[in-house]
Amino acid sequence: MNNTLDTIMIFLVLTNLALLGLSRLGTCIRIVAVQGVVLGLVPLLMNNWHFEIRLAAFSAVLIVLKGIVFPRLLTKAMRDIKTLREIEPFIGYSSSIALGTALLIICMWLSSHLPLPVETISELTVPVAFFTIMSGLLLIISRKKAITQVLGYLVMENGIYTFGVTLVEHQPVLVELGILLDVFVAVFVMGITMFHINREFDHIDTDQLSNLKV
Amino acid sequence: MIFLKILNTVLALITAPLLLGIINRTKAFFAGRNGQPLLQPYYDIWKLLNKGSVYSIATSRIFRIGPVVGFSVVLIAAAIVPFGGLPVLLDFQGDLILFAYLFGLSRFFTVLMAMDTASSFEGMGASREVTFSALTEPALLIGLAAIAKYTGYVSLAQIFSSINFDAWLNAAPAFILIGFAFLIVFLSENSRIPVDDPNTHLELTMIHEVMILDHSGPDLAIILYSAAMKMWLLGAILTGIVIPVHSDNVFLNVSAALLFMLLLAVLTGIIESSMARLRLLHVPQLLIGAATLSVLALILILR
């Protein structure tokens, strides 16, 4: 079981790095969706595939929301505003990947100095959770298009969720569902906002919005 | 024992150009052609060896010694890289660093030869070669470091004799990552698609081919042969990681490794037939990706 979980964690790291290095929005949306689905399977896996209605329902909600609803919403937003790729991010793709690797090393170091009160299932979960949060943040601050920033926000949520999963027995599912609802509303609102920004200004470059203040 | 040691090197010397033949046949199959004979690379090398060389008056001594340096480098490398569990002729502590930098030396001379002709196209090729190899090197070295750390040895022969299927069970994710990183290194170092297209003769895009445009006759034959040897040696490293067969039967070990080499050549052919060459701007991204995979593997093993 531990090996499967480790493999999932490494998959998470690789998808994060891929997100940092790719410019096509469609591919990025799909990668985030796959990330969500794989993470949705983790609660079932932790219970050794032992069926329990509470966990199964939780997984189902997670997979439907992250694997189907979010990608649909984002793909629709992407089509409506006719942007297919991120152009000229603040930090280039190669340097983003290099920065991501550096972040990974920092996260590994950080989590080794961070004793948790409870025992985690796999040694990798905490550093990978940190790394996922960090790379989500990096996506938000280094990209110009609003849609990539929404993706970064989703990746961050995936990181927080990974952290929560390691403490699953100490965290009520209700809290997790509450967070999920927040994220759902946020993505929904952001989709509408992006549409309006685009209709008003003909683009979704957020860095140009700061000119409005002047 | 000494027979097996010599076999390890001789096998590389004899079979290396065959890999190119297999790749070409695979590509011909995908293109719906019959393709050149499997042994065409040997015929080419033989034909070139029987020709005379033409030297431009603008070139110096470096242009002439370059191919010889390149060939001696692969000969030394063939003596330290074990293939399919065979013993090696030369083996000392830290020879994995020698392995990585032997290719660095041969690259240095290839680049010097290209600059020596003072052709602007060759200069472009040289500049690209240097840029890309600077990014490939970390992937190779960090990957080797990861395996060295896992096995606890620093000589190629010892490393590859101590990797076995148990290692795969214990650290499967790390080994898969290293495998992919080395596959990218293999394609990039041998100037294959997606980094470089070995068939193109368009100076604007090619890297390795453009640097040897001015070579002819035996010099070109030696360069082609060294390139084939380099492909074999990097393939042998990949084989040692992916198929660590160490049974008591030497014949079984070698044939398993040979089978994997065949598959590797076919895989290269498939990649070349199904992918386009990456835009030059995107190549560094791929290579940094490979380096990242190696770093990740090292982190997993150090943990």
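To continue, consider the interface of chain A and chain B. Accessible area lost when the parts come together is the quantity often used to give the size of an interface. The partner chain B presents 13 residues to the 17 residues of chain A that form the contact. The junction of chain A with chain B conceals about 1300 Å² of combined surface from both sides, 75% of it contributed by carbon and sulfur atoms. Of all residues in chain A, the largest losses of buried area upon contact with chain B belong to I10, S94 and I97 of chain A, amounting jointly to 30% of the total for that side. On the surface where chain A and chain B come into contact, there are zero salt bridges. Elements with a minimum of two residues in the side of chain A that touches chain B: α1 (2-21) and α4 (93-112) of chain A. Looking at which element gives the most residues to the side of chain A that touches chain B, the answer is α1 of chain A, with eight residues. Its residues assigned to classes, the side of chain A that touches chain B comprises ten nonpolar, five polar and two charged.

This part is about the pattern of salt bridges. Residue and element names in this part refer to chain B. Throughout the structure, instances matching the rule amount to seven salt bridges over all chains. Of the charged contacts, one joins R107 and E129 as a salt bridge, the two residues approaching to 3.4 Å between their closest N and O atoms. Separated by 22 residues along the polypeptide, R107 in helix α4 (residues 95-116) and E129 in helix α5 (residues 120-151) bring together distant segments of the chain. Side by side, R107 and E129 carry an identical accessibility label, which is buried. Of the charged contacts in the structure, one is a salt bridge between E189 and K230, with a shortest N-O distance of 3.5 Å. Here the residue E189 occupies a position in helix α8 (residues 172-189), and K230 occupies one in helix α10 (residues 217-242), the gap between them amounting to 41 residues.

Here the focus is empty space enclosed by the protein. Residues and elements named next belong to chain B. Going through the model one piece at a time under the given rule, you end up with six cavities of 30 Å³ or more. Empty space within the largest cavity amounts to approximately 90 Å³. In terms of lining, the largest cavity is formed by 13 residues, of which the most central are G84, G85, F160, G240 and H246. At the level of secondary structure, the elements contributing two or more residues to the lining of the largest cavity comprise α10 and α11 (250-274). Of the residues that constitute the lining of the largest cavity, the class distribution is eight nonpolar, five polar and no charged. By volume, the second largest cavity amounts to about 60 Å³. In this structure, the second largest cavity is lined by A100, F103, G104, R107, T136, E137, L140 and E189. Every element with two or more residues in the lining of the second largest cavity is listed here: α4 and α5. Residue contributions to the lining of the second largest cavity peak at four residues, all from α4.

This part takes up the packing of aromatic side chains. Taken as a whole and judged by the stated rule, the model has eleven aromatic pairs over all chains. For the pair Y150 of chain B and F175 of chain B, a centre-to-centre distance of 5.4 Å together with 90° between the ring planes defines the contact as edge-to-face. One end of the pair, Y150 of chain B, is in helix α5; the other, F175 of chain B, is in helix α8, with 25 residues separating them in the sequence. On the basis of relative accessibility, which here comes to 29%, the residue Y150 of chain B falls in the partly exposed class. A network of ring pairs unites the aromatic residues Y150, W168 and F175 of chain B as a single cluster. We note K144 of chain A situated over the ring of F90 of chain A; from NZ or CZ to the ring centre the distance is 5.2 Å.

Attention shifts here to the environment of L224 of chain B. Looking at the secondary structure, you find L224 of chain B in helix α10. Along the primary structure L224 of chain B and D248 of chain B are separated by 24 residues, whereas in three dimensions their C-alpha atoms are 36 Å apart.

Judged by side-chain polarity, I2, F3, I6, V10, I14, I76, L89, L90 and F92 of chain B come together as a nonpolar surface patch covering roughly 800 Å² of accessible area. Tracing the sequence through the fold places L89 of chain B in the loop between α3 (61-80) and α4.

Looking now at the confidence of the model for chain A. For chain A, the average pLDDT comes to 82, and 92% of its residues sit at 70 or higher. Mean pLDDT values for the elements of chain A range from 73 in helix α8 (residues 206-209) of chain A up to 92 in helix α5 (residues 125-142) of chain A.

Turning to the environment of S255 of chain B, a few remarks are in order. Residues and elements named next belong to chain B. When you line up the elements, S255 lands in helix α11. In this structure S255 comes out as partly exposed when scored by relative accessible area, which is 30%. Placed 86 residues apart in sequence, S255 and L169 show a C-alpha to C-alpha distance of 23 Å.

Moving on, we come to helix α6 (residues 146-166) of chain A. Its 21 residues place the ends of α6 of chain A 31 Å apart at the C-alpha level, agreeing with the 30 Å of an ideal helix rising 1.5 Å per residue. Across the 21 residues that make up α6 of chain A, a large majority, 17, are buried.

The rules behind each value
- Residues numbered from 1 in each chain as written.
- Chains lettered and ligands numbered in written order.
- Predicted model: local features only at pLDDT ≥ 70, side-chain atom pairs only at ≥ 80, totals over all residues.
- Heavy atoms only, no water.
- Contact = heavy atoms within 4.5 Å.
- Buried area = accessible area lost by both parts, 1.4 Å probe.
- Salt bridge = Lys/Arg side-chain N within 4 Å of Asp/Glu carboxyl O.
- Helix = DSSP H or I, 4+ residues; strand = E, 2+ residues; numbered from the N terminus.
- Nonpolar A, V, L, I, M, F, W, Y, C, P; charged D, E, K, R; others polar.
- Buried < 20%, exposed > 50% of the residue type's maximum accessible area, 1.4 Å probe, protein only.
- 1 Å grid on protein atoms, 1.4 Å probe; cavity = no way out; pocket = protein on both sides within 12 Å on 5 of 7 lines; lining within 4 Å.
- Points joined across faces, edges and corners; volume = space filled by probe spheres on them.
- Phe/Tyr/Trp six-rings, centres within 6.5 Å; stacked < 30°, edge-to-face > 60°.
- Lys NZ or Arg CZ within 6 Å of the ring centre and 35° of its normal.
- Patch = residues over 30% accessible without salt bridge, like charges linked within 9 Å, V, L, I, M, F, W, Y side chains within 5 Å.
- Areas by Shrake-Rupley, 256 points an atom, 1.4 Å probe, with all protein chains shown as cover.
- pLDDT = per-residue confidence, 0-100.
- Expected span 1.5 Å × (residues − 1).

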